[in-house]
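Report on the structure
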Amino acid sequence: LPYKPGTVLTDEQIQTVIDYCDNDADATELVYIETLSEIQLREKLSGQYNIDFTNFNSTKIGEYILISKIITALGEDAVYDIFETDNGIRKKVKNTKRESIDLNDVIFPYINYTTEPFQKILEWFKSRVITETKGVFSEIPFDELKSLEPHYFIDKKVGKQKTLNIIYKGFQYDFGVGGIHGSVSPGIYESDDDYELWDWDVASYYPNLAIKNRFYPEHFGEVFCDIYESIYEERKLYPKKTHPAENIALKLALNGSYGKSNSIFSALYDPLYTMKTTVNGQLLLCMLSERLMEEIPDCTMIQINTDGMTVRVHKKYIEQMKAICARWEKLTQLELESVMYSKMIIKDVNNYIAVKTDGKAKRKGAAF
């Protein structure tokens, strides 16, 4: 407040307080307008699932929908330990805790590389045994990175390497618990008479990694994959344009599995599932990037980010690029979706505008 509580206000001070409160009301109205679509989505989903989603964030909505479908298929006993206390019946979520995870056992056997930087990062991952997932790919002692020399960018933080990365053909690939990231320097990048910008995204990447490779939170068993796949197939029945709420709800359910698999408070918790998702997700994208840059002359990376990448390629190699992507799809059983950009205005990997050939723009981060 502009004055101490209990102050006897003058007429002038009363007006100041009115203006102060009016400003708060205006700000609240602006927040309401900006979030109206999110509010309306939660109102609709609340009616469909008979629970008040008003104050649920997106991840929590997805978790709830997924857990409810697991309960429908397997029963409540698959999700909760139910017991009596002096205060009545209580529930405790079941999950799977891990004392350690050997990443060599996590990595898919078909992941391989032909160039030294990627071969070294693969061996580095395979050599790691972790006891927690938080921060395992940041603030790394330099003596643990000797095998990666001279293929990584040194970025010191309190005497350690700030982020795990490798450099390949001048492009830096940053690895993290959540996914891979990388971008060219800030600037404007355009398609022209000779070169085109192509973006390749993996359809529902993290969910489909689990579905196609049949991995799951251990306490649910392999039937989890069948339930998960049924959600993926159900979502196809609800096109985003005609059934936006249903489509978004099922998308949240699919994406909620990965996010909550690393939360000890969730029934989806199993850090081995988390690492199978994120480590393989990053390494598989690196495989595609390496193939494109090795096999196509003068193919360069523009960005790589969690579930896809953007490359600059000469027009005469477009069909070769598509063939390489098709081979990757066949190997991984995953589906790539592509779009051509006429221009990208880039600040960094999380802040850019990508203009499609039809003039429509994809905006991310500060570019909104």
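Before going into details, it helps to say that this report is about the structure given with it. Not measured: the values here are computed from a predicted model. (Residues numbered from 1 in each chain as written. Predicted model: local features only at pLDDT ≥ 70, side-chain atom pairs only at ≥ 80, totals over all residues. Heavy atoms only, no water.)

Quick word on helix 3 (residues 58–74)
Across its 17 residues, helix 3 extends 24 Å between first and last C-alpha, which sits within 8% of the 24 Å expected from 1.5 Å per residue. Those residues of helix 3 that fall on the buried side of the exposure criterion are Ile61, Gly62, Glu63, Ile65, Leu66, Ile67 and Ile70. Packed against the buried residues of helix 3 are helix 2 (36–49), strand 1 (80–85), helix 6 (223–235) and helix 7 (244–260). You can read the cap of helix 3 off the contacts: a side-chain oxygen lies 3.2 Å from the backbone nitrogen of Thr59, and it is on Asn57. One or two steps after helix 3, the chain reaches Gly75, where phi turns positive at roughly 95°. (Helix = DSSP H or I, 4+ residues; strand = E, 2+ residues; numbered from the N terminus. Expected span 1.5 Å × (residues − 1). Buried < 20%, exposed > 50% of the residue type's maximum accessible area, 1.4 Å probe, protein only. Contact = heavy atoms within 4.5 Å. Polar contact = N/O pair within 3.5 Å; in protein donor to acceptor, adjacent residues only side chain to side chain.)

Comments concerning the side chain of Arg235
Turning to its location among the elements, Arg235 is positioned in helix 6. Although buried, Arg235 forms no salt bridge, and the nearest oppositely charged side chain, Glu337, lies 7.9 Å from it. The contacts of Arg235, once residues within four sequence positions are left out, are Ser204, Asn247, Leu250, Lys251 and Leu254. (Lys, Arg positive; Asp, Glu negative; His and termini not counted. Salt bridge = Lys/Arg side-chain N within 4 Å of Asp/Glu carboxyl O.)

Observations regarding the pairing of strand 15 (residues 351–356)
Along strand 15, 5 of the 6 residues are buried, which leaves the element largely enclosed by surrounding structure. Pairing of strand 14 (residues 336–348) with strand 15 involves 6 bridges; the strand directions are antiparallel. Of the residues in strand 15, the one forming a bridge with Met344 is Ala354. Of the strand pairs in this sheet, strand 15 and strand 16 (residues 361–364) are connected by 4 bridges, and their pairing is antiparallel. When the sheet's bridge partners are listed, Ala354 is paired in strand 16 with Lys362. Where strand 15 folds back on strand 16, the antiparallel hairpin that results is connected by 4 residues, among which Gly359 adopts a positive phi of roughly 95°. (Pairing = 2+ DSSP bridges.)

With respect to helix 6
Compared with an ideal rise of 1.5 Å per residue, which puts 13 residues at 18 Å, helix 6 spans 19 Å between its outermost C-alpha atoms and is within 8% of the ideal. Within helix 6, burial applies to Phe224, Cys225, Ile227, Tyr228, Ile231, Tyr232 and Arg235. Each buried residue of helix 6 sits inside an arc of 165° when the element is viewed along its axis, so together they form one side. Against the buried residues of helix 6 lie helix 3, helix 5 (205–213), helix 7 and helix 8 (271–295). (Arc of directions from axis to C-beta.)

Quick notes on unusual backbone geometry
Residues Glu149 and Pro150 are joined by a peptide bond in cis, for which omega reads 0°. Of note, Glu139 is a non-glycine position whose phi angle comes to about 50°, a positive value. Here Glu139 is to be found in strand 5 (residues 138–140). Phi is positive for Asp298, which is not a glycine, with a value near 60°. Note that Asp298 resides in the loop between helix 8 and strand 12 (300–305). Residue classification places Asp298 among the partly exposed residues on the basis of a relative accessible area of 45%.

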